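In case you want the letters, here they are:
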Amino acid sequence: MIEGLNPGIILILGALIVPLTSGFIRGILLLALPVLGLAQLIMLGLGSWGQFEIMGMQLTVTHIDPLSRVFGLIFHVAAFAGILYSLHVKDTMQHVATLIYAGSAIGAVFAGDLITLFTFWEITAVSSVFLIWASRTERSFKSGIRYLIIQVTSGVVLLGGIALYAADTGSIKFETMEFGSLATWFFLIAFGIKAAFPLLHNWVQDSYPEATVTGSVILSAFTTKLAIYALARSFPGTDLLIWIGVVMVIFPVVHATLENDLRRTMAYSLNSQQGFMIIAIGIGGDLAINGVAAHATISILYTCLMFMVTGAALYRTGTAKITELGGLYKSMPVTSTFAILGALIIIAAPLTGAFATKALIMSAALDAKMVILWLAMLFGAVAVIDNVGLKIPLFGFFSKDNGKRFQEAPLHMLLAMAVMAGFGIFIGLSPATFFALLPTPMESHTYTASHVVTQLQLIAFAVLIFALALRTGYYPKMRDSITLDFDWIYRKAGKMALTKTSSIVANFWDQTKGFGLMLVGWAIDKAEKSHGEGQAMSRTVSSGYAVSVILILFGIALVVIYA
Amino acid sequence: MPNSDNRTYWLDRPGNVNKLFYGVVALTVVLAIPDIFALFNIFYDKHPKTEIEEIPFFYGLYAMISMLVLLGVSNSVSNFLKRDEDYYD
Amino acid sequence: MTFFMSHAPVLAIIIPLMGAPICALFRGKTAPWLFTLILSGIAFAYSIDLLIAVSANGPISYEIGGWAPPYGIEYVADPLSAFVMVIISGISTGVLLYAKDSIANEVPTSRLGFFFAAYLLALTGMMGITVTGDAFNIFVFLEITSLSSYVLIAMGARQDRRALTAAFQYLIIGTIGATFILIGVGLLYVMTGTLNIADIADKFDSISDTRPIRAAVGFLIVGIAIKLAMFPFHVWLPNAYSYAPNIVTAFFAGTATKVSVYLLIRFIYTVFGADFSFGTVYLTELLLPLGVIAALSMSVVAIFQDNLKRLLAFSSVAQLGYITIAIALATEAGLTAGILHIFNHAIVKTGLFLTVGAMFFATGTTSIKALAGVGQRMPMTSFGFVLGGLGLIGIPLTPGFISKWYLIQAVLERGDYIGYGLAIAILLSSIFAVIYIWRVVEILYFHPSPEGAKGSEAPLSLLIPCWIFILGSFYFGIETSFNVGFAEQAAQFLMGAR
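Calculation rules
- Residues numbered from 1 in each chain as written.
- Chains lettered and ligands numbered in written order.
- Predicted model: local features only at pLDDT ≥ 70, side-chain atom pairs only at ≥ 80, totals over all residues.
- Heavy atoms only, no water.
- Helix = DSSP H or I, 4+ residues; strand = E, 2+ residues; numbered from the N terminus.
- Rg over C-alpha atoms; globule rule 2.2 N^0.38 Å.
- Buried < 20%, exposed > 50% of the residue type's maximum accessible area, 1.4 Å probe, protein only.
- Contact = heavy atoms within 4.5 Å.
- Areas by Shrake-Rupley, 256 points an atom, 1.4 Å probe, with all protein chains shown as cover.
- Lys, Arg positive; Asp, Glu negative; His and termini not counted.
- Charge placed at Lys NZ, Arg CZ, Asp CG, Glu CD.
- Phe/Tyr/Trp six-rings, centres within 6.5 Å; stacked < 30°, edge-to-face > 60°.
- Lys NZ or Arg CZ within 6 Å of the ring centre and 35° of its normal.
- Buried area = accessible area lost by both parts, 1.4 Å probe.
- Salt bridge = Lys/Arg side-chain N within 4 Å of Asp/Glu carboxyl O.
- Nonpolar A, V, L, I, M, F, W, Y, C, P; charged D, E, K, R; others polar.
- Polar contact = N/O pair within 3.5 Å; in protein donor to acceptor, adjacent residues only side chain to side chain.
- Domains from an automatic or database assignment.
- Axes fitted to C-alpha atoms, helices over the stretch in contact; angles between N-to-C directions.
- Left-handed = near helix turned anticlockwise from the far one by under 90°.

Colleague: Explain the overall build of chain C to me, and be specific about the residues and the numbers.
Modeller: Scanning chain C from terminus to terminus reveals 20 helices and 2 strands. The C-alpha radius of gyration of chain C comes to 21 Å, within 12% of the 23 Å expected for a compact globule of 498 residues. The principal-axis extent of the C-alpha atoms belonging to chain C is close to 70 × 60 × 40 Å. Here chain C holds 498 residues, and 65% of them are scored as buried. Taking the intrachain contacts of chain C between residues at least 6 apart in sequence as the baseline, contacts between residues at least 24 apart amount to 80%. Looking at chain C as shown, the accessible area adds up to about 16000 Å², and 68% of this sits on carbon and sulfur atoms. Averaging the coordinates of the 23 positive side-chain charges in chain C and doing the same for the 24 negative ones gives two points 14 Å apart.

Colleague: Any chance you could break down the overall build of chain A for me, citing the residues and the numbers?
Modeller: Each helix and strand counted, chain A has 22 helices and 3 strands in total. Principal-axis analysis of the C-alpha atoms places the extent of chain A at approximately 105 × 60 × 55 Å. Within the span of chain A, comprising 563 residues, buried residues form 63% of the whole. Looking at chain A alone, contacts between residues at least 24 apart form 79% of all its contacts between residues at least 6 apart. Summing over all exposed atoms, chain A offers an accessible surface of approximately 20100 Å²; the carbon and sulfur share of this is 69%. Positive and negative charge centroids in chain A, built from 33 and 29 side chains respectively, lie 11 Å apart.

Colleague: Describe the packing of aromatic side chains, listing the residues and the values that go with them.
Modeller: Enumeration according to the criterion identifies 59 aromatic pairs over all chains in this entry. Note on C:Phe116 and C:Tyr119: the rings are 6.3 Å apart at their centroids and 55° apart in plane angle, and the pair reads as tilted. Of this pair, C:Phe116 and C:Tyr119 both sit in helix H5 (residues 112–131), 3 residues apart, which is roughly one turn of the helix. The pair formed by C:Phe116 and C:Tyr119 is uniform in burial state, with each residue classed as buried. With 5.6 Å between their ring centres and 35° between their planes, C:Phe251 and C:Phe252 make a pair best called tilted. An aromatic cluster is defined as three or more aromatic residues linked by ring pairs; in this entry it consists of A:Trp121, A:Tyr165, A:Phe179, A:Trp185, A:Phe187, A:Phe191 and A:Phe235. Over the face of the ring belonging to B:Tyr22 we find A:Arg471, whose NZ or CZ atom lies 6.0 Å from the ring centre.

Colleague: Tell me about unusual backbone geometry, residues and numbers included.
Modeller: All names here are of chain A. Residue Arg-136 is not a glycine yet carries a positive backbone phi of 55°. Along the polypeptide, Arg-136 turns up in the loop between helix H5 (114–133) and helix H6 (138–169). At Lys-369, a position not held by glycine, the phi torsion is positive, near 60°. Among the secondary structure elements, Lys-369 is positioned in the loop between helix H16 (353–367) and helix H17 (371–397). On the basis of relative accessible area, Lys-369 is assigned to the exposed category, the value being 64%.

Colleague: Kindly report on the environment of A:Val217, identifying the contributing residues and their values.
Modeller: All names here are of chain A. Assignment of secondary structure puts Val-217 in helix H9 (residues 213–234). Through-space distance from the C-alpha of Val-217 to that of Met-417 is 11 Å; in sequence the pair is 200 residues apart. Beyond its immediate stretch of four places on either side in the chain, Val-217 contacts Gly-82, Tyr-85, Cys-304, Phe-307 and Met-308.

Colleague: Describe the side chain of C:His234, listing the residues and the values that go with them.
Modeller: Examined against the element boundaries, C:His234 turns out to sit in the loop between helix H9 (211–228) and helix H10 (236–243). Each residue touching C:His234, except ones within four places of it in the same chain, is listed here: C:Ala229, C:Met298, C:Phe314 and C:Val317.

Colleague: Outline the interface of chain C and chain A, listing residues and values.
Modeller: Between chain C and chain A, the residue contacts involve 43 residues of the former and 40 residues of the latter. Taken together, both faces of the contact between chain C and chain A bury some 3600 Å²; the carbon and sulfur share is 87%. Three residues stand out in chain C for area buried against chain A, namely C:Arg214, C:Leu286 and C:Trp405, and they jointly supply 15% of the buried area on that side. Counting across the chain C and chain A interface gives 0 salt bridges. At the level of secondary structure, the elements contributing two or more residues to the side of chain C that touches chain A comprise helix H7 (162–192), H9, helix H12 (283–303), helix H17 (399–412) and helix H18 (417–446) of chain C. Among the elements that line the side of chain C that touches chain A, the one with the most residues is H9(C), at 8 residues. The residue makeup of the side of chain C that touches chain A, split by class, is 33 nonpolar, 7 polar and 3 charged.

Colleague: So what's going on with the interface of chain A and chain B? Residues and values would help.
Modeller: Every contact between the two is made by 61 residues of chain A and, on the other side, 55 residues of chain B. Put simply, chain A and chain B have 0 salt bridges between them. Taken together, the connections running from chain A to chain B amount to 6 residue pairs in polar contact (both at pLDDT 80 or more). Those elements that place two or more of their residues in the side of chain A that touches chain B are helix H11 (253–258), helix H14 (328–331), H16, H17, helix H20 (449–472), strand E3 (481–483) and helix H21 (487–531) of chain A.

Colleague: Please provide a residue-by-residue account of the arrangement of the chains, values included.
Modeller: Among 2 pairs of chains with at least one contact, chains A and B form the most extensive contact set. Regarding chain B and chain C, which are not in contact, the minimum distance between any of their C-alpha atoms is 19 Å.

Colleague: Tell me what's going on with the domain arrangement of chain A, and back it up with residues and numbers.
Modeller: By convention, interface size is frequently given as the accessible area that disappears when the constituent parts associate. Split by domain assignment, chain A resolves into domain 1 (1–235), domain 2 (236–480) and domain 3 (490–562). Here domain 1 of chain A and domain 3 of chain A have C-alpha centroids that lie 48 Å from each other.

Colleague: Which residues make up the side chain of A:Asn6, and what are the values?
Modeller: Mapped onto the elements, A:Asn6 comes out in the segment before helix H1 (7–17). Those residues in contact with A:Asn6 that lie beyond four places of it in its chain are A:Val61, A:Thr62, A:Ile106, A:Gly107, A:Phe110 and A:Phe120.

Colleague: Tell me about the packing of H7(C) against H10(C), and please be specific about residues and values.
Modeller: All names here are of chain C. Here H7 crosses H10 at 145°, and the two axes come no closer than 9 Å. In the packing of H7 onto H10, the handedness of the crossing is left-handed. Every residue of H10 that contacts H7 at Arg-162, Ala-163, Ala-166, Gln-169, Tyr-170 and Ile-173 is listed here: Trp-236, Asn-239, Ala-240 and Tyr-243. Of the residues that constitute the contact of H7 with H10, the class distribution is 7 nonpolar, 2 polar and 1 charged.

Below is the structure:
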């Protein structure tokens, strides 16, 4: 292999061969590419490769350090499992898009400079939209357009930031930056869009549930976590992020509680979990950044797993709505087991990965004496028990039987779930093995008596209230409906305003054009009369609209020039 | 397999859901015990990092309060936020 | 070859000029086209030789008939003019590769000889404007270009009668522009007693305070702005581009306005000098707002167009806005960005017009609505359009990105809020470009073909030249040493000249 080739490029180039293959060979190729990428990543070790100069700027195509390595590793695992999960798909477009998308996300993680980052950043945006469009419905098409506009905007803002940053500092190295200048605000917004910051978040809940069964699994793994990586790389210890993160943790949980669609519930919950990582980046310091890397890894594992589980339900039953599902555990016992496993991981039950990783972030907050912040995160941790830990398995798989029976999910889907669940639990069983990969070496004290007891207490009492609420009928009724969110502003109010403005603008131009055409028509008419039969030769060429404009501008020009 | 499955599952039997519920109640009681021990400083040490953690049963209480707040807020905004599935179309 | 090389500046002009009347005598479909292609190719080869020679040895001066300036007419090839000559003759040759089937479809065979004669004259005129070192000669070549272009545009009348009005309107406005330039040149002559550009430039400083000179500056700037289709002097351009035969549009889109940009740079930087243009009179304050309005409002107008050629025409006016901004910055970085964009926009826009021409060839329409579903029927052409569109938007790896990168760096170099504002305006305009390109792509790919829609993939004779431009644009977007290198060289030369 080429020395220092960015592992992501292996996936992207491999994607180009995929259309030439079919059947069994294609399956092997699809699964082999992430493995090859992973092998390249492990062979490379740490360091920088592929440095060259273009237009006076120093590019570094491949830069691997401990932080980027953690994200790169989990991205490869997610790519492998996601592809395994989607082996049954016969749609070439989806396979190619998946590989290019995963490859560019990996490529972006290992980008050593901002230009390389930007390039991969935009490729993730453009390639991933095909996973949404692959549903081939009117709804998914529109949703994909909205997604694309937002994602490309993120790229454009990033580019603006890069230009400013390069002008300010003369460097385009992708490294820790001092937050404050205009350029860094641009970066924050660009990263924030992809990280689903509050008010910039709607694309997640809008598009992920519209993607194909397999598409949403793939989508959930990369874009948002890439943004987390970018923020952790550039702005650790930026106070502003703490407050953004707190709002992020709390803001989406109400929606997740009310939501009827399982995949949309997951999308809201994912948003809340992002908040934990944003807070940790805001706290900064070795422990918190370790927490970010560790929790992002676990978060990818359980989010993908839950999207796989709900996706399998959708694949077999044709719906992911709570109101339409019933007694699924009878038809799909294995999938239901994975749903419970995923739920256990997501609620950070002892012996699962999140138990180990969430604690890193929580104790980083306490070490920094931020008690209010800690309470807010604890609230988020309780909310996720309700939103995902209980709601998805119970309402989705163990709800009252409605008499319908389906087949168990296909074997390759179950295997993909097993990969994710396996890693999630392995990390919980042996946290030290995983912590050795984190950016800063540290001692881990995951299994202390008090940590186990308090966490179990938290879970048990939350379950108690959940059960009580169900029995008394206090729990919000699931209805076949959607829940308004901030996107109402641009999807309803904005649309109305835009339609209005554009009709005004169009009208204005029509008027102006009409006026112009009238004048030109008049000029031509006049010319015809003066040149026409029986008329005298024209004395002067008739002045028209254009000519008067020219004269006015000439007048202005003279004034300026004489000034 | 569709519709050919007439097995009765454990959850289908009357009363079993109740058993599950009482199981949860029992579990919470068991998990509250270490905090009682901690009050007397026997068998179990809480290692609190902040003062707030020293409140007895803090985690259980906080989980219950959080859940009630979450459900309360959800219930109260539910009608305001819910719209038909094709609202945007 | 020494004879041919030493006469290169004049041969690049004389060969197409002499060829034009001969071409008018040819009959049939192939002969006039092939003849024109060969002559244009020769001019292209000379231009490249000239550029290499100028780049290595500095400006080359050629005295017509051996009469030394300031009495004789002098042709001067400096880094800027040689670079622009390569663009013009290169675009012309590329378009001609494509022209045979396309034009035979649109113009009666009996007139093809005249058509290509006019084409050669237009080429002569544009090359002449670029290389001549004589102010009055500029006017002469300008008129040669203009007259032949009126003819070329009017040739579209068989497809759409509105080509006649468009040509007529262009004639009126173009003539006013030319007259302004003539008055400007006349005033310069009265004040300096010479028509040689280098001479005028030498004497300029001593008389720059006089009123006639300031009037001359006003006449020249406004006259050139009309020819350049600078907003709001652009009214002639959209119609002319929309109704002209497709290859004429493709040819002019890459060259005609670019020649006027060349004139603007030549007068502002060489004749008046940057100190006078931006210090004594306030051309930045005059040109910058026009450029910004063009980049923004014309992009918005493009969004609302129903005709694809018209849409691209308005997009051209917007892109000329970028160039205007770049020139008005009065810095070396700005000038580099402007000259670079002359090249980059020429290759991208010509490629786009050629793909549109191929769509017209197959379907007989350029109305966007009527092109629904062409993405399936003409996959290669449509994909070419998409790639060209990416270049227009300025996605990395395309030349549009390189230009915008340099332009944004140049405006940020100002370091004040106007600089930031300009950068935002440029980014905003790029977003508008995304919208208008996307609108087309959506209809091409995602709308079903109408019942009984005509047209399958365009023939290879059209596809190959299209793709030469498209792939070429990507080449120059990745390997930028040619375009960036010569643009920098030209900018350094102009800024160092005075």
